[in-house]
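Listed here are the chains, written in short residue letters.
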Amino acid sequence: EDKYATLVLFGATGDLAKRKLFPALYSLYCDGYLPERFAVVGLGRRSLTQEDFYHHIKDSLEAFSRYDIRPEDWEGFIQRFHYVQLDINQASDYEALASYVEKLEQRQEINGNRLFYLAIAPGLFEPVTFQLKEAGLLQTKGWKRLIIEKPFGHSHESAEELNDKITQVFKEEEIYRIDHYLGKEMIQNIQVIRFANSFFEPLWNNQYIASIQLTSSETVGVENRGSYYDKVGALRDMVQNHMLQMVTMMAMEPPSRLKAEAIRDEKVKVLRSIRRMETEQEIQEHVVRGQYEAGELQGEGVKGYREEQNVAEDSSTETFVAAKIMVDNFRWAGVPFYIRTGKRLPSKATEIIIQFKSMPYLYFNKDGNLAPNLLVIQIFPEEGIHLKFNAKKPGTEGSILPISMDFCHDSTVGINSPEAYERLLNDVLEGDSTYFTRWDEVSLAWKIVDPIIQSWEKSEGIPLSTYKAGQWGPTEAKELLEKDGFHWWQVF
Ligand code: BG6
């Protein structure tokens, strides 16, 4: 019963709802996770009939759902949806919404639990929360929770301002800040790989690990998001949140308990231990920024970033970032974490590669050409774990062959694993905030990236490198590792 709830969805006709939220709700429904009493009030500024709204949802499922629409599921699912037109700045619309929700709760015997999802432009987060309060929507017998999408602020200062405002209305434990990477199967699996395997955890430190690489590459350009992206860039769009979150999952200490606060306490300690880069010289040495030029990708010519729609002709926004991150604590001192992310790269992949140190003495391949052991955690496109190690090439003497031990969800477990948003929505209904970012995480992450952004903005000293669409970023990204005797692994 504690899961019975009304989901008040701002941005119901928007892109996120269409691509992710409706399909996620549908999967949860088909898998039996949606509570028996559960209603969705979709809000949008357009005037839509219920029928229009149903069509909109059906289109979304047809295009993006991992389940087919079966008539028997569809009926039960769609009757939970209600569309209400709302002008975000109009107080009287919120009052009307409040009475609509109350009536709906009475009719459907929902005990007042309310989930507010802000799938709207970030500039609206603050006014909407205040309007909700003013209109009395937060005075409810049940629980109230707020789901907020990224970006959470544009800098540390603006994030703090936003947080100060929102926490006047919702308590920290009622706020669920989405970082959808934390909802991904294999990112959640990092904890299990680390803490349920006695042969990994003892090696998980600077005694045995030489370096860790984290890549999140995309083939798409900025698509139709030029006006957003050009103000943001890859550092804010991907590094401040997803990439640093992956680093914390890899580097955290075992938590005291497997509970949200204990886990997030450990992640915060990692963020505190990350070495801050303050001077221009440090930043130039450790961070590479790049922007794509016209090039060829998967056999097709694509335009350069500056030719994209809604992007300034002389834009200096980065579409690629590579960085060397040092975690200054006992476990990780001396182990570089190399991250890279970018648009218009040769393939779409998200993976983490742990490179182990070489053997203290080489019996084989004395020329030093013995491949290091690698543990690869593949998050996308496959979900899997691969262990690369050396064995004797059968039928030869002393010939060494790197081989791979592979575990792949798609082929091994045979299930189509749920998408990030499915897990995250279910977690919110259950009141579990483990895989959402707490304010102190967001704040520390901004403190790490802010000086880099500022330094880029003010200095001519730090070049914006370019790369041709379809290449793995600028050559400086290669050099970043080569300086330390490493290279980016292309294991697939
Ligand atoms: C989003 C960014 O947070 O993550 C996008 O705003 C990016 O620019 C996306 O494309 C990548 O997510 P995924 O799950 O496709 O790796």
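About the cut-offs
Residues numbered from 1 in each chain as written. Predicted model: local features only at pLDDT ≥ 70, side-chain atom pairs only at ≥ 80, totals over all residues. Heavy atoms only, no water. Axes fitted to C-alpha atoms, helices over the stretch in contact; angles between N-to-C directions. Helix = DSSP H or I, 4+ residues; strand = E, 2+ residues; numbered from the N terminus. Parallel < 35°, antiparallel > 145°, perpendicular 65-115°, else oblique. Left-handed = near helix turned anticlockwise from the far one by under 90°. Contact = heavy atoms within 4.5 Å. Nonpolar A, V, L, I, M, F, W, Y, C, P; charged D, E, K, R; others polar. UniProt positions renumbered as here; feature names shortened; annotations may be inferred. 1 Å grid on protein atoms, 1.4 Å probe; cavity = no way out; pocket = protein on both sides within 12 Å on 5 of 7 lines; lining within 4 Å. Points joined across faces, edges and corners; volume = space filled by probe spheres on them. Near = heavy atom within 4 Å. Polar contact = N/O pair within 3.5 Å; in protein donor to acceptor, adjacent residues only side chain to side chain. Areas by Shrake-Rupley, 256 points an atom, 1.4 Å probe, with all protein chains shown as cover. Salt bridge = Lys/Arg side-chain N within 4 Å of Asp/Glu carboxyl O.

Asks: How do you make sense of the packing of helix α1 (residues 15-30) against helix α3 (residues 71-78) when you look at a structure like this?
Replies: Packed helix pairs are specified by the crossing angle of their axes together with the interaxial distance, meaning the distance between the axes. One can describe the packing of α1 onto α3 by two numbers: an axis separation of 10 Å at closest approach and a directional angle of 115°. With respect to each other, α1 and α3 are oriented roughly perpendicular. Crossing angle aside, the handedness with which α1 passes α3 is right-handed. Across from F22, L25, Y26, Y29 and C30 in α1, the residues of α3 making contact are D73, W74, G76 and F77. When its residues are assigned to classes, the contact of α1 with α3 shows 7 nonpolar, 1 polar and 1 charged.

Asks: How should I be thinking about the UniProt feature "domain: Glucose-6-phosphate dehydrogenase NAD-binding" (unreviewed entry) in the protein chain in this particular structure?
Replies: As recorded in UniProt, the sites labelled "domain: Glucose-6-phosphate dehydrogenase NAD-binding" (unreviewed entry) are residues 8-189. Counting secondary structure, residues 8-189 comes out at 46% helix and 15% strand; the distance between its end C-alpha atoms is 31 Å.

Asks: Looking at this structure, I do not really get the layout of surface pockets. What am I missing?
Replies: One water molecule sets the probe size; rolling that probe over the atoms shows where empty space is left. Its volume calculated, the second largest pocket comes out at about 290 Å³. What lines the second largest pocket is a set of 13 residues, among which L203, Y208, F356, K357 and N373 lie closest to the centre. Class assignment of the residues belonging to the lining of the second largest pocket gives a composition of 9 nonpolar, 2 polar and 2 charged.

Asks: Where do I start with the site of the ligand in this structure?
Replies: Within the structure, the ligand sits among K150, H180, Y181, K184, E218, R225, D237, M238, H242, K343 and K348. Separating an oxygen atom of the ligand from a side-chain N or O atom of H180 is a distance of 2.8 Å. A distance of 2.7 Å is found between an oxygen atom of the ligand and a side-chain nitrogen or oxygen belonging to K348. Alone, the ligand offers 400 Å² of accessible surface; in the complex the protein occludes 81% of this.

Asks: Explain the side chain of S27 here, please?
Replies: In this structure, S27 sits in helix α1. Here the side chain of S27 touches E422 through a polar contact of 3.2 Å, side chain to side chain. The residues contacting S27, other than those within four sequence positions of it, are R66, Y67 and E422.

Asks: Would you mind showing me how to read the pattern of salt bridges here?
Replies: Where side chains of opposite charge bring their charged atoms close, a pairing between them can arise. As enumerated under the stated definition, the model contains 28 salt bridges in all. For E253, the salt bridge identified is with R331, shortest N-O distance 2.8 Å. In this pair, E253 is assigned in the loop between α8 (226-251) and α9 (260-273) and R331 in the loop between β11 (320-326) and β12 (336-342), connecting sequence segments 78 residues apart. A single salt-bridge network, built from bridges that share partners, covers E261, R264, D265, R438 and D440.

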